[in-house]
Amino acid sequence: MRWYWIVGAVVLLGFIFGDDDNPSSIITSEPKTPTLTATKSTRLSNTVERTTSISLFVTGNAVNVRSGPSVGSSILGKKYKGDVVQKIDQSGNWTKINFGSSFAWISSNYVSSQRPIAPSVRSNPQPKRTVAAPTSREISLAKKEIIRRSIAQYPGSCPCPYNRDRAGRRCGGRSAWSKPGGYSPLCYESDISNARVQTYFARVRGASN
């Protein structure tokens, strides 16, 4: 019975003091969560100044751009009608604008948010040339010339009744003018319309000018 008491004592001691293999001997504790303290920096490094610009149009011709908001300031350059400038600030009647890599000033009287209207280009129309109406004599001569050209274009020897054939006989009713169809040469002034006369004068006078 002595060995029984010895084994019981060993088991009791193991239960009391515990070891790594006994789950009951593991004492759990909640880990402490580290407290994170957020800090705000009251000073910003590399601070960038932000400016808001407004696009404006130059409305004047060759407007001076100055180093300061007064007519006594030195002139840095010029802006022309329709140019776009970036407004940064305003001082009285002067507008501060971006100018190259720096700033400059321009009179507010010559800038606007509205695009200026380009002036219409007025061409100088050439005065219409007045041509005198042809006289009756000129019309008669024109008709004779029209008849001459018409007869010259006919390939035969009898274009008109008053012409003569190669044998010297008067063409009369054998002429092309007397026969319907085919060639229709102009033989008399009554054959020529006013429109044909006007076309003749337009071509002749146009060629001489």
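One can find the structure itself at the top, above this paragraph.
Computed from a predicted structure; not experimentally measured. (Residues numbered from 1 in each chain as written. Predicted model: local features only at pLDDT ≥ 70, side-chain atom pairs only at ≥ 80, totals over all residues. Heavy atoms only, no water.)

**Some details on the environment of Gly172**
Residue position: Gly172 is located in the loop between α2 (136-152) and α3 (194-208). Put simply, Gly172 and Cys160 are 12 residues apart on the chain and 7.4 Å apart in space, counted from C-alpha to C-alpha. Filtering out sequence-adjacent residues up to four positions away, Gly172 remains in contact with Pro161 and Ser178. (Helix = DSSP H or I, 4+ residues; strand = E, 2+ residues; numbered from the N terminus. Contact = heavy atoms within 4.5 Å.)

**So, the state of the cysteines**
Counting across every chain of the model gives 2 disulfides. Through a disulfide, Cys158 is tied to Cys171; the S-S separation comes to 2.0 Å. Looking along the S-S bond of the Cys158-Cys171 disulfide, the torsion reads about -80 degrees, which is the left-handed sense. Separated by 13 residues along the polypeptide, Cys158 in the loop between α2 and α3 and Cys171 in the loop between α2 and α3 bring together distant segments of the chain. Neither Cys158 nor Cys171 differs from the other in exposure class; each is buried. With a sulfur-sulfur separation of 1.9 Å, Cys160 is cross-linked through a disulfide to Cys187. Across the S-S bond linking Cys160 and Cys187, the dihedral sits near -90 degrees, which makes this disulfide left-handed. Placement of Cys160 in the loop between α2 and α3 and of Cys187 in the loop between α2 and α3 is noted, with a sequence separation of 27 residues between them. Comparing Cys160 with Cys187 shows no difference in burial state: the two are buried. In the chain, numbering the disulfide-bonded cysteines from first to last in sequence yields the connectivity 1-3, 2-4. (Disulfide = S-S within 2.5 Å. Buried < 20%, exposed > 50% of the residue type's maximum accessible area, 1.4 Å probe, protein only.)

**With respect to the pairing of strand β1 (residues 54-58)**
In regular strands, side chains alternate between the two faces of the sheet. Relative to strand β4 (residues 84-91), β1 is paired through 4 bridges, and the arrangement is antiparallel. Within the sheet, the bridge partner assigned to Ile54 lies in β4 and is Lys87. (Pairing = 2+ DSSP bridges.)

**Description of α2**
If you check α2, its first and last C-alpha atoms are 24 Å apart, about what 17 residues at 1.5 Å a residue would give, namely 24 Å. Looking only at α2, the buried set comprises Ala142, Lys143, Glu145, Ile146, Ile147 and Ser150. (Expected span 1.5 Å × (residues − 1).)

**A look at the nonpolar core**
Counting 9 residues, the largest nonpolar core consists of Leu56, Val58, Val63, Val65, Val85, Ile97, Ala104, Ile106 and Val111. At the level of elements, β1, β2 (63-66) and β6 (102-107) are the ones that each hand at least two residues to this core. Leaving out residues up to four positions away in the same chain, Val85 has contacts with Ile54, Ser55, Leu56, Val58, Lys79, Ile97 and Val111. Counting residues in hydrophobic clusters, the runner-up holds 8 residues, among them Ile147, Ile192, Val197 and Tyr200. (Core = buried A, V, L, I, M, F, W, Y, C linked by side-chain atoms within 4.5 Å.)

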